[in-house]
Amino acid sequence: MIKKQINQKDSIDIELLNSIGYDYVFNNSPINRFKNKIKIPDKLDKNKHEKLLRLKKEIDSIEDCKLKKNASQLVFADGDTQSTIMIVGEGPGQKEDELGKPFVGDAGNLLNKMLKAIKIERKKIYITNVVNYRPPNNRKPEQSEINRYSKYLREHISIIDPKILILMGSTAMEAILGSNKRISKERGQWKEIIIKQKNYKTIVTFHPAYLLRKPDQKKFSWEDLKIVRKEIDEQNIVI
Ligand code: URA
């Protein structure tokens, strides 16, 4: 005998069912039309897309920039523009400069693993960097460069409008929280940053490239990732 549940509100022809011999069990529980968390599509998606294009053009037209002069191309961002999670790194490395996408080299591989460890697929988040051109020999961007590009980064965050912002490494931290901060002190705590009068829940953690150099620090990074996962679960954030 085949038993199948039918919701009482389903319209069925009982006689027809009897004639074909199926046993149907009526279920009095209300129909759950939202079985899982549903991502409400952003009606302003087109608008968002246009704003991102405009920002990219603005960065593309930067003049007198040592980074731009030395880089082979602009590395803007990668991932889902509708994502509720946005990650900010430092700047493109050699591979990113070649491919025009952030976090595609060794640090990117580690980042993917870190995300996977807290059950997040890389393609479901949105990633960018503080500076969008590869610094020569992968040097850290200078303070003046961080200041210059942080204006674009703030605009970028405001357009994506994430529920959680993850700043990876001291350059991302300085670009958003200001200089004179120590990452070892700031990491792993939620902070509210304000951009265009909107609050963004933000956390600082170590950069994957730093973790590749100092694997003994991964334990701290793991603590931070668990804090992010907890927030996602507690706030029911759809990724
Ligand atoms: N490191 C970064 O900060 N960004 C990248 O895109 C790659 C490595």
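Scroll up a little and you will see the structure.
Here is a short report on the structure shown in this document. Everything numeric in this text was worked out from a predicted model, so none of it was measured.

## Describing the sheet that holds strand β7 (residues 191–195)
Move 1: Pairing is mixed in the open sheet, where six strands are placed in the order β3-β5-β4-β6-β8-β7. Looking at strand neighbours, the two that pair on one side only are β3 (77–79) and β7, the edges of this open sheet. Each neighbouring strand pair of the sheet contributes to a mean axis angle of 30 degrees, computed without reference to strand direction.
Move 2: In the sheet, β3 pairs with strand β5 (residues 126–129) via three bridges, with the strands oriented antiparallel.

## Some words on helix α5 (residues 106–117)
Move 1: Relative to the 16 Å expected for twelve residues at 1.5 Å per residue, α5 spans 17 Å between its end C-alpha atoms, a close match to the ideal helical length.
Move 2: When we look at burial in α5, the residues that qualify are Ala107, Gly108, Leu110, Leu111, Met114 and Leu115. The buried side chains of α5 occupy one side of the element, clustering within an arc of 160 degrees when seen end-on. Set apart from the buried face of α5 by more than 90 degrees, the exposed residues are Asp106, Lys113 and Lys116.
Move 3: Packing partners of the buried residues in α5 comprise β4 (85–89), β5, β6 (164–168), α9 (208–213) and α10 (218–234).
Move 4: Lysine 119 sits one or two positions beyond α5 and adopts a positive phi of about 60 degrees.

## Here we look at the site of the ligand
Move 1: For the ligand, the full set of nearby residues is Gly89, Glu90, Gly91, Glu96, Pro102, Phe103, Asn129 and His207.
Move 2: Asparagine 129 has a polar side-chain atom sitting 2.7 Å from a nitrogen atom of the ligand.
Move 3: The separation between an oxygen atom of the ligand and a polar side-chain atom of histidine 207 is 2.7 Å.
Move 4: The fraction of the free accessible surface of the ligand (230 Å²) that becomes covered by protein chains is 93%.
Move 5: Here the residues of the shell around the ligand sort into two nonpolar, four polar and two charged.

## A word on the pairing of strand β8 (residues 198–205)
Regular strands show a simple pattern: their side chains alternate between the two faces of the sheet.
Move 1: Summarising the sheet, β6 and β8 pair through five bridges and their orientation is parallel. Each residue of the ladder has a partner; that of isoleucine 164, found in β8, is lysine 201.
Move 2: The pairing of β7 with β8 spans five bridges and is classified as antiparallel. By the bridge assignment for β8, lysine 191 is matched with threonine 202.
Move 3: Linking β7 to β8, which pair antiparallel, is a turn of two residues; within it lysine 196 sits at a positive phi near 50 degrees.

Procedures and definitions
- Residues numbered from 1 in each chain as written.
- Predicted model: local features only at pLDDT ≥ 70, side-chain atom pairs only at ≥ 80, totals over all residues.
- Heavy atoms only, no water.
- Pairing = 2+ DSSP bridges.
- Helix = DSSP H or I, 4+ residues; strand = E, 2+ residues; numbered from the N terminus.
- Axes fitted to C-alpha atoms, helices over the stretch in contact; angles between N-to-C directions.
- Expected span 1.5 Å × (residues − 1).
- Buried < 20%, exposed > 50% of the residue type's maximum accessible area, 1.4 Å probe, protein only.
- Arc of directions from axis to C-beta.
- Contact = heavy atoms within 4.5 Å.
- Near = heavy atom within 4 Å.
- Polar contact = N/O pair within 3.5 Å; in protein donor to acceptor, adjacent residues only side chain to side chain.
- Areas by Shrake-Rupley, 256 points an atom, 1.4 Å probe, with all protein chains shown as cover.
- Nonpolar A, V, L, I, M, F, W, Y, C, P; charged D, E, K, R; others polar.

The values reported here are purely geometric and, on their own, carry no functional implication.
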